[in-house]
Amino acid sequence: QLQLVESGGGLVQPGGSLRLSCAASGFTFSSYSMSWYRQSPGKERELVAAISNPGGSIEADSMKGRFTISRDNAKNTVYLQMNSLEPEDTAVYYCNTFPSRLRVNGMDYWGKGTLVTVSS
């Protein structure tokens, strides 16, 4: 059974840091590139960063130098280290495979996500 469980979100002040985790199961994690997406209220879901195996990564332009994606294949987990957070980073963050997302019954599968709120 496919499962993506995101965690690590919370309330943080502008300029602060958070580390998100995503525990994956139900598929061969090491065979897939992984990614983080985010969705803010009223906006479409957008790609934040992606990482291949063994570890080449890409980040969206607005996150370069602030966000770092990494993975631990032994733990079937992908991480997102977020530094210098800005109010505009407030969103629900999701992980998934990349570039094609996991599918269940013909539809994209998403976990519940983890909410990041950047506010003073």
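See the structure printed just above.
Residues numbered from 1 in each chain as written. Predicted model: local features only at pLDDT ≥ 70, side-chain atom pairs only at ≥ 80, totals over all residues. Heavy atoms only, no water.

Caption draft 1: Just the pattern of salt bridges, in detail. Considering all chains together, one arrives at 6 salt bridges under this definition. Measuring nitrogen to oxygen at the nearest pair gives 2.7 Å for the salt bridge that ties glutamate 46 to arginine 38. Exposure remark for glutamate 46: the relative accessible area of 33% places this residue in the partly exposed category. The class for arginine 38 is buried, based on a relative accessible area of 6%. (Salt bridge = Lys/Arg side-chain N within 4 Å of Asp/Glu carboxyl O. Buried < 20%, exposed > 50% of the residue type's maximum accessible area, 1.4 Å probe, protein only.)

Caption draft 2: Summary view of unusual backbone geometry. Proline 99 follows phenylalanine 98 through a cis peptide bond whose omega is -5 degrees. Within the secondary structure, proline 99 sits in the loop between β9 (91–98) and β10 (103–104). At asparagine 105, a position not held by glycine, the phi torsion is positive, near 50 degrees. Structurally, the position occupied by asparagine 105 is in the loop between β10 and β11 (107–108). Taking relative accessible area as the criterion, asparagine 105 reaches 76% and is therefore assigned exposed. (Helix = DSSP H or I, 4+ residues; strand = E, 2+ residues; numbered from the N terminus.)

Caption draft 3: Up close: the packing of aromatic side chains. If you walk through the whole model with that rule in mind, you get 4 aromatic pairs. Both rings, one in phenylalanine 27 and one in phenylalanine 29, keep their centres 6.5 Å apart while their planes meet at 45 degrees; by these two values the pair is tilted. Ring geometry for phenylalanine 27 versus tyrosine 32: centroids 5.3 Å apart, planes at 90 degrees, classification edge-to-face. Members of the aromatic cluster, connected to one another through ring pairs, are Phe27, Phe29 and Tyr32. The ring of tyrosine 79 has arginine 19 lying over it, and the distance from NZ or CZ to the ring centre is 3.9 Å. Here arginine 45 stacks its cationic end above the ring of tyrosine 94, 4.1 Å away from the centre of that ring. (Phe/Tyr/Trp six-rings, centres within 6.5 Å; stacked < 30°, edge-to-face > 60°. Lys NZ or Arg CZ within 6 Å of the ring centre and 35° of its normal.)

Caption draft 4: Quick peek at the sheet that holds strand β5 (residues 46–51). Strand order across the open sheet formed by 6 strands is β2-β12-β9-β4-β5-β6, with mixed pairing between neighbours. Two strands in the sheet have a free side with no partner beyond their single neighbour: β2 (10–12) and β6 (57–59). Sheet twist, expressed as the average angle between the axes of neighbouring strands with direction ignored, equals 25 degrees. Across 5 bridges, strand β4 (residues 33–39) lies against β5 in antiparallel orientation. When the bridges of β5 are listed, tyrosine 37 appears paired with leucine 47. (Pairing = 2+ DSSP bridges. Axes fitted to C-alpha atoms, helices over the stretch in contact; angles between N-to-C directions.)

Spatial relationships are all this shows, so hold off on functional conclusions.
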